[in-house]
Amino acid sequence: MVDRYRKRIAAMVIQLAKDDPKFVKEMIETLKQSGEIEADDLRYLERIADRWIRIADENLRKARR
């Protein structure tokens, strides 16, 4: 039961990183600065957010052409 719950939470967080990557990056930075998490605790989510920020920027550049 707990394992299924954790998987659902993980999936929701990953989807949030895709939907609003800048928000996720801001929240991770806030958590780091407050000391609630270590510097590399959520690195996986940061990489997902960075990837989707890059994709959005590339799409915006393509749309402007």
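What you see is a predicted model; the values in this text were computed from it and never measured. One numbering rule holds for all chains: residues counted from 1, following each sequence as written. In keeping with the model being predicted, local features are shown solely for residues with a pLDDT of at least 70 and side-chain atom pairs are shown and tallied solely at 80 or more, while totals for entire chains, interfaces and linings include all residues. The basis for the side-chain values is all heavy atoms of the structure; hydrogens and waters are excluded.

Participant: Teacher, can you tell me more about the nonpolar core here?
Facilitator: In summary, soluble globular proteins display a tendency toward joint burial of nonpolar side chains. The set of buried Ala, Val, Leu, Ile, Met, Phe, Trp, Tyr and Cys residues whose side-chain atoms join them within 4.5 Å is what this entry labels a nonpolar core. Burial classes follow relative accessibility: with a 1.4 Å probe on protein chains only, a residue under 20% of its type's maximum area counts as buried, one over 50% as exposed, and anything between as partly exposed. Listed in full, the seven residues of the largest apolar core are Ala17, Val24, Ile28, Ile37, Leu45, Ile48 and Ala49. If you list the elements that add at least two residues to this core, you get helix H2 (21–34) and helix H3 (43–64). Working rule for contacts: check all heavy atoms of both residues, and any pair within 4.5 Å makes them a contact. Once you skip the residues sitting within four places of it in the chain, Ile48 turns out to touch Ile14, Ala17 and Lys18. Secondary structure elements follow DSSP: runs of H or I no shorter than four residues count as helices, runs of E no shorter than two count as strands, and numbering proceeds from the N terminus.

Participant: Please clarify how the side chain of Glu46 should be interpreted in this entry.
Facilitator: For Glu46, the location among the structural elements is in helix H3. Sequence-distant contacts of Glu46, defined by excluding residues within four places in its chain, comprise Lys25, Ile28, Lys32 and Ala39.

Participant: Where do I start with H2 in this structure?
Facilitator: Along an α-helix, a turn takes 3.6 residues, which lines up residues three or four apart on a common side. To estimate the expected span of a helix, count its residues, drop one, and scale the result by 1.5 Å. Its 14 residues give H2 an end-to-end C-alpha distance of 20 Å, which sits within 8% of 20 Å, the value for a rise of 1.5 Å per residue. Residues of H2 that are buried include every one of Pro21, Val24 and Ile28, and no others. Projected down its long axis, H2 shows its buried positions confined to an angular sector of 60°, all on one face. In H2, the exposed positions angled more than 90 degrees off the buried face are occupied by Lys22, Glu26 and Gln33. On its buried face, H2 sits against helix H1 (2–19) and H3. It is the directions from the helix axis to the C-beta atoms whose arc is reported.

Participant: Can you walk me through the environment of Ala17 in this structure?
Facilitator: Structurally, Ala17 can be placed in helix H1. Overall, Ala17 belongs to the buried group, its relative accessible area being 0%. Placed 45 residues apart in sequence, Ala17 and Lys62 show a C-alpha to C-alpha distance of 22 Å. Not counting chain neighbours up to four residues away, the residues in contact with Ala17 comprise Val24, Leu45, Ile48, Ala49 and Trp52.

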